[in-house]
Amino acid sequence: MTVEITVTVNGTAHTATVEPRLLLVHFLRDVLDLTGTHVGCDTSQCGACTVHLNEDAVKSCTVFAVQADGTEVTTIEGLADGESYTPVQQGFWDEHGLQCGFCTPGMIMTAEWLLKQNPDPSEAEIRAGLAGNYCRCTGYQNIVNAIGAAAKAGR
Amino acid sequence: MATALFGDSVKRTEDPRLITGRGKYVDDIRLTGMTHMAFVRSPYAHANIRSVDTSAAANAPGVLTVFTGADLQEQLGGLPVAWLLPDLKQPPHPPLAYETVRYVGDAVAVVVADTAYQAADAAELVDVDYEILPAIVNAEAATKDGAPQLHSEAENNIAWDWNISGGDYDEAIKDPDVIVIKQRIVNQRLIPNSMETRGVVADFDSGRGNLTLYTSTQIPHFVKLLYSLVTGHPEQKIRVVAPDVGGGFGSKISIYAEEIVCGIVSKQLGRPVKWIESRSEAYIATTHGRDHITDVEIAGKKDGEIVGIKVDVYANIGAYLSTFAPLVPTWLFGLMLGGVYKMPNVVCRVWGVFTNTTPVDAYRGAGRPEATFLLERMVSRFAQEIGRDPIAVRRKNMLASHKNGRAVTTGVMYDSGDYKGNLNKALEIFDYRGFRSEQRAARRAGKLLGVGISTYIEITGAAPSAVASSLGAQAGLWESSNVRVHPTGKITVYTGSSPHGQGHETTLAQLVSSELGVPMEDVEVLHGDTDQGPFGVGTFGSRSLSVGGAALFNSLGKIKAKAHTLAAHLLESDPKFVTFEGGSFAVEDIPDKSMTFQEVAGAAYGAANLPPGMEPGLEEISFFDPTNFTWPFGTHICVVEIDEDTGQVSLVRYVAVDDVGNVLNPMIVDGMVHGGVAQGIGQALTEQAVYTDDGQLLSGSLMDYALPSADMFPMLEVDRTVTPSPVNPLGVKGAGECGTIAASPAVMNAVIDALAHLGVKHMDMPATSEKVWRAIRDAKETQRAARAAARRS
């Protein structure tokens, strides 16, 4: 059985016929070839696959593609305008908020959402906001600094 | 972007692609006709394979082929070991098991299908009939008579019985002034958890007979060599590519079964084959770290003088010998038992023991964290026993500073160090005296506050190849570099080291920019593609800059020398009157006689006017083999607060003062220290791989394994002292692992310090809330019983 869905990703509407069990992350990566969204686990813990679904940050490994039918999805590829980065992206670059880079797309998407909810977060609020995203390289310190810098830049 | 200098915190050139989703990891590779592979893995820790029925899987939708271990037995040699020890038992390690499975996760068959979903579905349909055998997971118990045996080659499951000693420990403890403190310490098994799991894409070109393997590895060149040795595929017809690699931490320094099997199957099928490890699969199929059961003794006098250490270790190596398994718990462990102390007597014996668990290999620090934990924990324990301050005891026993070689009891030569100077700086930043008075006040107020210190030294920068070879290495451990200056003066560097988060593209371009005075953006740094440069070694053991960077430095030296000669020729001057500064050659005192580096490069390729005997072109290769390892050291101080009611340990402060020699890019080194410390804290407080007695991994997913999250940490306070290394031209030491090595003992010493007044003397990691709560309860119970006994008497 397959289902036709239409999902607007980074501003472009895409119609595709998919298996009902296809995960949104695999729709993005394998059907649309948007490989910036990563898969880091299979139990919804790591957050590497975080994207925006309408107004929410979601783990796209925990959403079926069919559930995204009719929604607007933003992925890491949809943030920058050419080489003009968002304050969060710029913060990650300026503050050395990444090393291997694998968790980074999910971290950035979470941080974008976090700053929308709370444009002026304390260090503790940033750390709490990252509870759903794992990083094994940075010890989180420069990720926290990056988000703090982005908040400052956005004010 | 301008030119960069050695010592600048240059922002990373890798980042623009990685912050915009344009990195390319193995799973991002798509090839025409690509198929997908899934592995069928044993659910039992120890079993004989009676039969494998693949018929249902073979008929499942989209399935192209199914192979069992028996099908491929003839084509697959055993997986090799890259480090040997005397009398090492090396049982066969088939990439796919065909007779016996020896751990949960041992692969028995593979299914190849059009899509990954179809392959995973069909893998469920492979019906393996197992005869379940008794299993053993504890390394000490595995050595006892009557324990289940894994391999007929290894009696009592012992792969090796290795020892090292210096001085005469037994004689030293005969002194009546010497007290001996004994402790059993378990250094728990850890699961590395790089955020990118492993993955392979194999692409066999049947026309040319060439195989390309894209693999998430730290050692692409070794994978090429070992793939060739295992399968007989000619080495010149193998290309291994490590694209963007999402972390490794030692778990990607082995040659793995999946790399071999993907290559073989692609060749059989004539189509590209992709395998991407799921996280849960990574928990059982990718190597683990640590897992020592140790009986340790430290001996010293009441005045604080330490006279020796004695260590017996059961090192759990899992079901098979992984590539570097024999090295990690032996040399990388035993050599470090003297630490930064005079330590005149050292005795160390290590049994490597097979068990029905996932193979154990390097994990960040690899042997040094285990040694450092024992030593730093026991030095603080010794101080506690003799009623002296742990810092005073450390200071009393510390080696004097030295700039060029200090022989120590374990038989090695530390390269350079100023251990007391480093300690002093850390204490100054931390304000140790101030803390102790704060702690007394906190205790009066009923708060449990503790401080822990570790003054570590470690071994990095493998290796002087002749030394490594004498210790058992089966390959040279130098590093290579190729510098290709193009006719326009732009530069391509190939390094044999293979980054997976370390930022080589930035730091090596920075080194080129600093040396040649060219802009950063004129330099392209390539790595991890065996077709793009000379044979290399890879990135592990904190070696990339001290060995790989030194190789690059030497290549740049050759480039500069040739360009200098050519420039002098073209400027019609004696070379000794030609200077090279800011990317420009000039004749001294003649202002208008100069040439840019780019002009010289063009002339080298134009070849219209070369000095007699000079070949055209401007390209150089260097292989750098150091004369010694490098020995970073430092002081980490940690403050914890413990909630008496719940046992919850909170980190209050963390000060790290490391000495990694000269620092090329401070921002990157600080980042490595942050990440390293976080992993050491993870071991101290949360992480632990847990097996049931019959070999099921209970902590088998990210749901069950307590990886540290952002809210666990305070802002780390990171600083440095600088003692250049004399063993490489850059004066650098390794910086990738020191944080991990230093952190676990610092944290655990703080936990014990917070509870010391209750009589707590030791606790094994991780210091979970439950464990700490029980320790407090037991200690108070003991104190109450003692008071009651005192009242009665």
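*Asks:* Describe the interface of chain B and chain A, and please don't skip the residues or the numbers.
*Replies:* Contacts between chain B and chain A engage 53 residues on the former and 51 residues on the latter. Of the roughly 4,400 Å² buried between chain B and chain A, counting both surfaces, carbon and sulfur atoms make up 55%. Put simply, chain B and chain A have eight salt bridges between them. Close ionic contact of R30(B) with D33(A) constitutes a salt bridge, the shortest N to O distance being 2.9 Å.

*Asks:* Would you mind going over the domain arrangement of chain A in detail, with residue names and values included?
*Replies:* Residues and elements named next belong to chain A. Here chain A is partitioned into domain 1 (3–78) and domain 2 (87–154). Contacts between the two partners involve 18 residues from domain 1 and, on the opposite side, 15 residues from domain 2. Contact between domain 1 and domain 2 buries roughly 1,200 Å² in total, counting both sides, with carbon and sulfur atoms accounting for 62%. Sorting the residues of domain 1 by area buried against domain 2 places H38, H52 and I76 first, and these three jointly supply 40% of that buried surface. On inspection of domain 1 and its partner domain 2, the count reaches zero salt bridges. Seen at the junction of domain 1 and domain 2, the total is six residue pairs in polar contact (both at pLDDT 80 or more).

*Asks:* Which residues make up the pairing of strand β5 (residues 107–113) of chain B, and what are the values?
*Replies:* All names here are of chain B. For β5, a buried count of seven out of seven residues is recorded, marking the element as mostly surrounded by other parts of the structure. Both strand β1 (residues 35–41) and β5 contribute to a ladder of six bridges, which runs antiparallel. Its bridge partner being in β5, H36 is matched across the sheet by A113. With five bridges joining them, strand β3 (residues 63–68) and β5 adopt antiparallel strand pairing. Paired with V63 across the two strands is A113, which belongs to β5.

*Asks:* Give me helix α14 (residues 432–444) of chain B: which residues, what numbers.
*Replies:* Residues and elements named next belong to chain B. An ideal rise of 1.5 Å per residue puts 18 Å on 13 residues; α14 measures up with 19 Å between its terminal C-alpha atoms. Of all the residues in α14, the buried ones are Y432, F435, R436, Q439 and A442. Down the axis, α14 shows its buried residues gathered within 120° of arc, on one side only. Of the exposed residues in α14, the ones pointing more than 90 degrees away from its buried face are R433, R440 and R444. Looking at the packing, one finds that the buried side of α14 touches α12 (390–397), α13 (419–430), β18 (448–457), β26 (633–642) and α20 (738–755). Positive phi shows up at G446, right after α14, with a value of about 85°.

*Asks:* Which residues make up the domain arrangement of chain B, and what values go with them?
*Replies:* All names here are of chain B. Splitting chain B by domain gives domain 1 (31–133 + 195–247 + 252–285), domain 2 (364–462 + 628–783) and domain 3 (478–624). Averaged C-alpha coordinates put domain 1 and domain 2 at centres separated by 39 Å. Each side of the interface is counted separately: domain 1 has nine residues, and domain 2 has ten residues. Each partner contributes to the roughly 650 Å² buried at the junction of domain 1 and domain 2, and carbon and sulfur atoms together form 61% of this total.

*Asks:* Please provide a residue-by-residue account of the sheet that holds strand β22 (residues 578–581) of chain B, values included.
*Replies:* In any sheet, the strands associate via hydrogen bonds between backbone groups, in a parallel or an antiparallel arrangement. All names here are of chain B. A sheet is described by the order of its strands in space; here three strands give the open sequence β22-β23-β24, paired in antiparallel fashion. This sheet does not close on itself; its edge strands, each paired only once, are β22 and β24 (594–596). Across the sheet, the axes of successive neighbouring strands diverge by a mean angle of 20°, strand direction being ignored. In this structure, β22 lies alongside strand β23 (residues 584–587), joined through four bridges in antiparallel fashion. Across the sheet, E581 pairs through a bridge with S584, a residue of β23. Docked against the sheet, helix α18 (residues 597–606) engages β22, β23 and β24, running at close to 80° with respect to β24.

Rules used in this analysis
- Residues numbered from 1 in each chain as written.
- Chains lettered and ligands numbered in written order.
- Predicted model: local features only at pLDDT ≥ 70, side-chain atom pairs only at ≥ 80, totals over all residues.
- Heavy atoms only, no water.
- Contact = heavy atoms within 4.5 Å.
- Buried area = accessible area lost by both parts, 1.4 Å probe.
- Salt bridge = Lys/Arg side-chain N within 4 Å of Asp/Glu carboxyl O.
- Domains from an automatic or database assignment.
- Polar contact = N/O pair within 3.5 Å; in protein donor to acceptor, adjacent residues only side chain to side chain.
- Buried < 20%, exposed > 50% of the residue type's maximum accessible area, 1.4 Å probe, protein only.
- Helix = DSSP H or I, 4+ residues; strand = E, 2+ residues; numbered from the N terminus.
- Pairing = 2+ DSSP bridges.
- Expected span 1.5 Å × (residues − 1).
- Arc of directions from axis to C-beta.
- Axes fitted to C-alpha atoms, helices over the stretch in contact; angles between N-to-C directions.

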